[in-house]
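Chain and residue survey
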Amino acid sequence: MRTVILILLINLASNAWANNVVTGSAGSTLEGKVVSEFDSPWAMSFIDSENLLVTTKAGKLWLVNTSGEQSLVSGVPKVFAGGQGGLGDVVVHPNYARNKLVYISYINSDNAGKTRYASVLRGTLGRSDQPHLKNIETIWKQTPARSGNGHFSHRIAFGLDGTQHVGKIFITSGDRQEQNPAQKWDMALGKIIRLNDDGTIPRDNPFQDKGDLAKTFWSLGHRNALGIAFAKNGKLWAHEMGPRHGDEFNLIVAGENYGWPIVSEGNHYSGAEIPMHKTRPEFMAPKLYWVPTVAPSGLIFYEGQEFSEWNGNAFIGGLKSKALVRIGFNNEKPFEAERFSWSQRVREVEMGQDGAIWVLEDGPSGRLIKFTKPNA
């Protein structure tokens, strides 16, 4: 029997919202409706206009409808949750309506958790009776496995139809808090990975003479990228956490080195200074950076009718900054346009098929919130 849990709507006003409306720093307004609540949610992806998938860090995958009803999806593999890692991203294939393929990232281990690595699997979503994943296959493993529970990154984005990236999948792979692997060719840490959607390696990846592992790399010199997305014009963007401040918003270009840990716009937590990008022009500098930190997580480029004036803008969730951050572009140069804050850490942001903006809050009582325009 399909297990359905109906989550009661939560009174927004009790959480310092005024009439369910959040006013941004530039005066724009969003009206929020709490749809559901989860224990430490991490990512979400719409599968159609009425349903979405939500991951929670401990290892549960939920099928959720836009009324807030939750159904647990079976078939998810064992997840080694802890620290910054657990069940991570969930993204549906661009042709999901036809092939029902779902891609999930999660933390795995081959030695009972002594060392850990991110994996990406794909499977088909069955929805007869209880929803379940089937035909599961692993298409990528983060190499090498390391001890510790930090900087897995493991965000996923698909290339756009009509571009050279159609049928390609991009995966962010963090430096695992070890810094130097981001510059090493024999370690897939601190990189952005590009694969075919079945896990095979595209022949047009940029690093063809740096060893077999490097053939999977699209770019290097990254720290901890918790957001990656394509703009409508086909350009790929990713943001990443700086060390102590200096969070970056990067235009991702094939074959480029983004400099970590040699350069950064922030400094080490010890206070030790790191040279800035401008001191080493051979490294790709961020197009936008933040001091102090916003701690970005989640990334979309907005294209919808609900907020058509923001078409082409990017939205990121802010953890430390406790905000939803809107990024505008001036002659293709990004700038922070506005922050919407309601004193909660924002883990994830997505756009519904009707153009509404959906967010997941971080933490043990993380709410799923739908934002629309306030009624006139």
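The following paragraphs examine the structure supplied in this document. (Residues numbered from 1 in each chain as written. Predicted model: local features only at pLDDT ≥ 70, side-chain atom pairs only at ≥ 80, totals over all residues. Heavy atoms only, no water.)

**Concerning the side chain of His165**
Positionally, His165 belongs in the loop between strand 12 (153–158) and strand 13 (168–173). You can call His165 buried: its relative accessible area is 8%. Here the side chain of His165 touches Arg194 through a polar contact of 3.3 Å, side chain to side chain. With near-sequence residues (within four places) excluded, His165 lies in contact with Gly159, Leu160, Phe170, Arg194, Trp218 and Phe230. (Helix = DSSP H or I, 4+ residues; strand = E, 2+ residues; numbered from the N terminus. Buried < 20%, exposed > 50% of the residue type's maximum accessible area, 1.4 Å probe, protein only. Polar contact = N/O pair within 3.5 Å; in protein donor to acceptor, adjacent residues only side chain to side chain. Contact = heavy atoms within 4.5 Å.)

**Re empty space enclosed by the protein**
As enumerated under the stated definition, the model contains 1 cavity of 30 Å³ or more in all. Of the volumes computed, that of the largest cavity is approximately 40 Å³. Lining the largest cavity, in full, are Gly221, Arg223, Glu240, Met241, Gly242, Pro243, Gly246, Glu248, Tyr258, Trp260, Val263 and Ser264. (1 Å grid on protein atoms, 1.4 Å probe; cavity = no way out; pocket = protein on both sides within 12 Å on 5 of 7 lines; lining within 4 Å. Points joined across faces, edges and corners; volume = space filled by probe spheres on them.)

**Some remarks on the sheet that holds strand 10 (residues 117–126)**
Strands sit in the order 8-9-10-11 across an open sheet of 4 strands; the sheet is antiparallel. Bordering the open sheet on either side are strand 8 (87–92) and strand 11 (132–141), each of which pairs with just one other strand. Taken pair by pair, the neighbouring strands of this sheet meet at an average axis angle of 25°, ignoring direction. (Pairing = 2+ DSSP bridges. Axes fitted to C-alpha atoms, helices over the stretch in contact; angles between N-to-C directions.)

**Some words on the side chain of His222**
With respect to the helices, strands and loops of the structure, His222 is situated in the loop between strand 15 (217–220) and strand 16 (227–230). Only 2.8 Å separates the side chain of His222 from the side chain of Ser219, close enough to count as a polar contact. If we ignore the near neighbours within four places in the chain, the residues touching His222 are Asp175, Ala182, Gly190, Lys191, Ile192, Glu240, Ile252, Tyr258 and Trp260.

**A closer look at unusual backbone geometry**
Cis geometry is adopted by the peptide bond preceding Pro144, which originates at Thr143 and carries an omega value of 0°. Here His151, not a glycine, exhibits a phi torsion of approximately 55°, which is positive. For His151, the position within the fold is in the loop between strand 11 and strand 12. Even without being glycine, Ser153 reaches a positive phi, approximately 70°. Within the secondary structure layout, Ser153 lies in strand 12. For Ser153, a relative accessible area of 2% gives the class buried.

**Regarding the pairing of strand 9 (residues 101–108)**
Here is the key point about a regular strand: its side chains alternate between the two faces of the sheet. With 8 of its 8 residues buried, strand 9 lies for the most part within the structure. Of the two faces of strand 9, the one holding Leu101, Tyr103, Ser105 and Ile107 and the one holding Val102, Ile104, Tyr106 and Asn108 are both buried throughout. Pairing of strand 8 with strand 9, which is carried by 4 bridges, proceeds in the antiparallel orientation. Residue pairing across strands places Leu87 opposite Tyr106, the latter belonging to strand 9. Pairing geometry for strand 9 and strand 10, over 8 bridges, is antiparallel. Counted as the bridge partner of Ile107 is Ala118 from strand 10.

**A word on the layout of surface pockets**
Each pocket or cavity is described by its volume, and for the largest pocket that value is around 1,000 Å³. Elements represented by at least two residues in the lining of the largest pocket include exactly strand 4 (41–46), strand 8, helix 1 (96–99), strand 12, strand 16, strand 20 (296–301) and strand 24 (346–351). Of the residues in the lining of the largest pocket, the class split is 22 nonpolar, 8 polar and 8 charged. As a volume, the second largest pocket reaches approximately 630 Å³. If you go around the second largest pocket, you meet 32 residues; those closest to its centre are Gln84, His151, Asn224, Met241 and Tyr269. (Nonpolar A, V, L, I, M, F, W, Y, C, P; charged D, E, K, R; others polar.)

**A closer look at the sheet that holds strand 25 (residues 357–361)**
Pairing is antiparallel across the open sheet formed by 5 strands, whose spatial order is 2-3-26-25-24. Each edge of the sheet is formed by a strand with only one pairing partner; in this case those strands are strand 2 (21–23) and strand 24. Between one strand and the next, the sheet's axes are offset by a mean angle of 30°, whatever the strand orientation. Looking at chain direction, strand 24 and strand 25 are connected through 5 bridges and run antiparallel. Paired with Val346 across the two strands is Glu361, which belongs to strand 25.

**Remarks on the pattern of salt bridges**
Summed over all chains, the structure comprises 16 salt bridges. The shortest N-O distance in the salt bridge between Lys373 and Glu309 comes to 3.4 Å. With Lys373 in the segment after strand 26 (366–372) and Glu309 in the loop between strand 20 and strand 21 (314–318), this pair connects stretches of sequence that are 64 residues apart. The class of Lys373 is partly exposed, set by a relative accessible area of 35%. Owing to a relative accessible area of 47%, Glu309 belongs among the partly exposed residues under this scheme. Several salt bridges share partner residues, and in doing so they unite Asp89, Arg155 and Glu348 into one network. (Salt bridge = Lys/Arg side-chain N within 4 Å of Asp/Glu carboxyl O.)

**Concerning the packing of aromatic side chains**
For any pair of aromatic rings, the description consists of the separation of the ring centres together with the inter-plane angle of the planes. In this structure the tally under the stated criterion is 15 aromatic pairs. An aromatic cluster of at least three residues, connected via ring pairs, comprises Tyr302, Phe307, Trp310, Phe315 and Phe340. Sitting over the ring of Phe80, Lys78 keeps its end group 4.8 Å from the ring centre. (Phe/Tyr/Trp six-rings, centres within 6.5 Å; stacked < 30°, edge-to-face > 60°. Lys NZ or Arg CZ within 6 Å of the ring centre and 35° of its normal.)

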